[in-house]
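What follows is each chain in one-letter form.
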Amino acid sequence: MQTIFARQARLPGGWVQDLRLRIENGAIAALQPDSTSQDGDTRVDTLLPGMANLHSHSFQRAMAGMTEHRAPGKDSFWTWRDLMYRFVEKLTPDHIEAIAALTFMEMLEAGFTSVGEFHYLHHRPGGARYADPTELSQRVFAAAMETGIGLTHLPVLYSYGGAGQQPLSGGQLRFGNSVDSFVALLENTRAAARRNMPADTVVGLAPHSLRATCPEELIKAISLQEGAPLHIHIAEQPAEVRAIQDWLGGRPVEWLLENTPVDSSWCLIHATHMTGKETQQMAQSGAVAGLCPITEANLGDGPFNGPDFLGNDGRFGIGSDSNVRISLPEELRMLEYSQRLRHMARNVMIHEAGSVGASLFLGGAQGGALALGRDSGQIEVGGLADLIAIDSDRPSLCALPPSQLLDGFCFAAGDDAVTDVWSAGRHKVRQGRHASRDSIVATYKHCISDLCAAL
Ligand code: ZN
């Protein structure tokens, strides 16, 4: 059992003062506003619900900064993808674990209490299986255990190299599974999670995209869901939209909504290029929009249609995707700013009047938790103790009353405002620093020099 005393906290009903919060077995057992601090309490300034990072490819963290050099001709998402494939060919299981540990540690320090790891690296370079086909998933598990982040692991079904059942090639061979081999992989991964991982761990599944599967096999994959979260990349790039239209006769989101049982257990990653009708219908399906604003900007994907989606009560969460930059306030800020630039307007990511920072933060926390199948996203008794504390006495925040604090966090604060982080009660970040930072960074640096020598 542990207890936290917060000078102020944001509960579902609004702000409270002098909150004492008790954690038992990873969950919030009691909430007492207007309390006094007692010996043994962990004292913090401002307590907020933890944020789910709903979309990550952790290994891509090690590529950050390697793709910002302009090649002759016109760079695009697809030239970025070519480098990613070359990089993938060199990764060993040790590299994958070390990079994931660094990435998850940085997420926790940023204020992300859980992560949806969209895991498509399954095999050896060239596609040969490891002796244990779940080897690389278990490396991700080990990184989650070392760092304490809440994990929703999403093994990826990736069967084809492009729309129209094109064969896999090159770097893609490490990703490939038929539906039958994927069934075995998924069952073994679920069993390994039950055996080795904390109770808050979730194993969902992720058909990579429409272009990496085909309609019959997608339907088979969906039948494996068993109520767990299902994530899919959708409509990230205009070229992808055209390719799916030519092949299946419909735009990606349009086709998905007409042909599959999309509901609130689904998370559509990116959903960037949608018509007004697709936007409305996706919002009404209950699926969470998995938005990755920093990566979408970095890759030149374009911005999502926020106002139409929120206007139809759509739910969203945020993900750091390529992990080129891991920052909670910056991800939320980029989401709002990309909308302001697209619509040439201010204060866009909010349905009605009120604090845009609160809409971004609290909406993202709830949508993200839903997408990851975690009972969290707000501070309430019975929910997982996914919590972050920020210091409202920082110069960027000290002038703000509680009603404007989340605006300050999203638009004015640096990353250092986050002081403490708990994931399912695991108190791994104190004073902005992860408990195992030194050893995780040392292992990562050793790994990256080995990897760079191989590239
Ligand atoms: Zn992705």
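Before going into details, it helps to say that this report is about the structure given with it.

What counts as what
- Residues numbered from 1 in each chain as written.
- Predicted model: local features only at pLDDT ≥ 70, side-chain atom pairs only at ≥ 80, totals over all residues.
- Heavy atoms only, no water.
- 1 Å grid on protein atoms, 1.4 Å probe; cavity = no way out; pocket = protein on both sides within 12 Å on 5 of 7 lines; lining within 4 Å.
- Points joined across faces, edges and corners; volume = space filled by probe spheres on them.
- Nonpolar A, V, L, I, M, F, W, Y, C, P; charged D, E, K, R; others polar.
- Helix = DSSP H or I, 4+ residues; strand = E, 2+ residues; numbered from the N terminus.
- Pairing = 2+ DSSP bridges.
- Disulfide = S-S within 2.5 Å.
- Buried < 20%, exposed > 50% of the residue type's maximum accessible area, 1.4 Å probe, protein only.

By volume, the second largest pocket amounts to about 240 Å³. L310, D313, G314, R315, F316, I350, H351, E352, A353, S355 and S359 together form the lining of the second largest pocket. Considering only residue class, the lining of the second largest pocket consists of 4 nonpolar, 4 polar and 3 charged.

This model, assessed by the stated rule, comprises 4 cavities of 30 Å³ or more. Approximately 170 Å³ is the volume attributed to the largest cavity. Lining the largest cavity are 17 residues, and of these F77, W80, Y120, H208 and H233 lie nearest its centre. Considering every element that reaches the lining of the largest cavity, the biggest residue donor is helix α1 (residues 77-88), with 5 residues. Residues of the lining of the largest cavity, tallied by class, amount to 8 nonpolar, 5 polar and 4 charged.

Turning next to the sheet that holds strand β17 (residues 433-434). Pairing is mixed across the open sheet formed by 8 strands, whose spatial order is β3-β2-β1-β4-β14-β15-β16-β17. Of all strands in the sheet, those bounded by a partner on one side alone are β3 (27-32) and β17. Here strand β15 (residues 418-423) pairs with strand β16 (residues 426-430) via 3 bridges, running antiparallel. Bridge pairing links S423 to R426 in β16.

Enumeration according to the criterion identifies 0 disulfides in this entry. The thiol of C292 is not disulfide-bonded; the next cysteine sulfur, from C267, is found 8.1 Å away. A relative accessible area of 0% places C292 in the buried class. Between C452, a free cysteine, and C447, which holds the nearest cysteine sulfur, the sulfur-to-sulfur gap is 8.7 Å. Residue classification places C452 among the partly exposed positions, given a relative accessible area of 40%.

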